[in-house]
Amino acid sequence: FERVFGNAARVCDLTLAEVTSLATDAGWSFDHGVVSVEHALRLLPHARFNIDVKESRVIEPLAQAVVDADATNRILVTSFSGARARRAVSTIEHLSGIRVLTSGSADTVAVAVITCFLGMPWLAARLRRSVGILQIPVRVLGIRTDSPRMLRRLHRAGFVVQFWTINDEADARRIVAAGADCLLY
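First, a word on scope: everything that follows refers to the structure included in this document. Note that this is a predicted model, so its numbers are computed, not measured.

Turning our eyes to something else, we now look at the packing of helix H4 (residues 59-68) against helix H5 (residues 82-96). Running from amino to carboxyl end, H4 crosses H5 at an angle of 40°, the nearest separation of the two axes being 9 Å. Put simply, H4 runs oblique to H5. Viewed along their axes, H4 and H5 form a crossing whose handedness is right-handed. The residues of H5 that touch H4, namely those facing Ile59, Glu60, Ala63, Gln64, Val66 and Val67, are Arg84, Arg87, Ala88, Thr91, Ile92, Leu95 and Ser96. Considered class by class, the residues forming the contact of H4 with H5 number seven nonpolar, three polar and three charged.

Below, the structure is given as structure tokens:
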């Protein structure tokens with residue numbers, strides 16, 4: 001937030017109106033600035049959304065917005081916190097009656113990467129019962145995840161592998177050539 005608006009406040013401590021005001025003050029036009037999840041889901045009815053749940057207190061309103069917009073089939077819910085991700089998914093599934101797509105949290109990613117690094121993708125495949133997508137950086141616990149060998153192992157375990165945050169074009173091309181399924185910017 002500070003990087004974008006020069007303000008040290010935490011987004012979770014501000015109202016949507018306050019965030020919108022900061023965006024406007026920073027020169028963002030209202031129609032190209034900040035929107036709520038609810039508004040984005042309704043504004044873009046065919047778009048898919050990757051929603052990173054960073055605070056537990058947003059789970060209930062997020063779940064309601066997803067259900068109200070009938071967007072359960074267009075979202076992927078993720079979080080670094082496994083407990084938070086599970087609670088968000090459970091809440092949305094309870095309200096909608098529809099299974100929600102999710103990616104692995106930090107603990108799941110660590111186990112998948114370590115077991116694949118050790119040459120045991122069959123063991124990592126057991127994690128697929130609850131998670132089918134890994135959204136990962138190029139290093140996890142010092143282990144390179146963007147090599148063709150590691151990507152083959154993660155794929156053999158059954159995972160879709162998406163990398164974040166890749167901002168260099170040469171790195172992006174190399175990672176895609178190595179076998180990445182998606183790059184998140």
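Let's pick the thread back up.
The phi angle of most residues is negative, glycine excepted, and most peptide bonds adopt the trans form. Even without glycine at this site, Asp70 takes up a positive phi of about 50°. Within the element layout of this structure, Asp70 appears in the loop between H4 and strand E2 (75-78). Positioned with a positive phi, Leu141 is a non-glycine residue whose angle comes to about 55°.

Okay, the packing of helix H6 (residues 106-117) against helix H8 (residues 148-156) next. With their axes 9 Å apart at the nearest point, H6 and H8 run at an angle of 110° to one another. As far as their axial angle goes, H8 and H6 are roughly perpendicular. Our pair here, H6 against H8, has a crossing hand that is right-handed. Contacts between H6 and H8 involve Ala112, Val113, Cys116 and Phe117 from the first element and Met150, Arg153 and Leu154 from the second. Here the contact of H6 with H8 is built from residues that sort into six nonpolar, no polar and one charged.

With that out of the way, let us pick up a nonpolar patch on the surface. Residues Ile114, Phe117, Leu118 and Leu141 make up a contiguous nonpolar surface patch of about 410 Å² in total accessible area. Of note, Leu141 is situated in the loop between strand E5 (139-140) and strand E6 (143-144).

Okay, the state of the cysteines next. By definition, a disulfide links the sulfur atoms of two cysteines through a covalent bond. Applying the stated criterion across every chain, the model contains zero disulfides. Not part of a disulfide, Cys116 finds its nearest cysteine sulfur in Cys182, a span of 19 Å. In this structure Cys116 comes out as buried when scored by relative accessible area, which is 0%. Cys182 sits in the partly exposed class, given a relative accessible area of 27%.

Calculation notes
- Residues numbered from 1 in each chain as written.
- Predicted model: local features only at pLDDT ≥ 70, side-chain atom pairs only at ≥ 80, totals over all residues.
- Heavy atoms only, no water.
- Axes fitted to C-alpha atoms, helices over the stretch in contact; angles between N-to-C directions.
- Helix = DSSP H or I, 4+ residues; strand = E, 2+ residues; numbered from the N terminus.
- Parallel < 35°, antiparallel > 145°, perpendicular 65-115°, else oblique.
- Left-handed = near helix turned anticlockwise from the far one by under 90°.
- Contact = heavy atoms within 4.5 Å.
- Nonpolar A, V, L, I, M, F, W, Y, C, P; charged D, E, K, R; others polar.
- Patch = residues over 30% accessible without salt bridge, like charges linked within 9 Å, V, L, I, M, F, W, Y side chains within 5 Å.
- Areas by Shrake-Rupley, 256 points an atom, 1.4 Å probe, with all protein chains shown as cover.
- Salt bridge = Lys/Arg side-chain N within 4 Å of Asp/Glu carboxyl O.
- Disulfide = S-S within 2.5 Å.
- Buried < 20%, exposed > 50% of the residue type's maximum accessible area, 1.4 Å probe, protein only.

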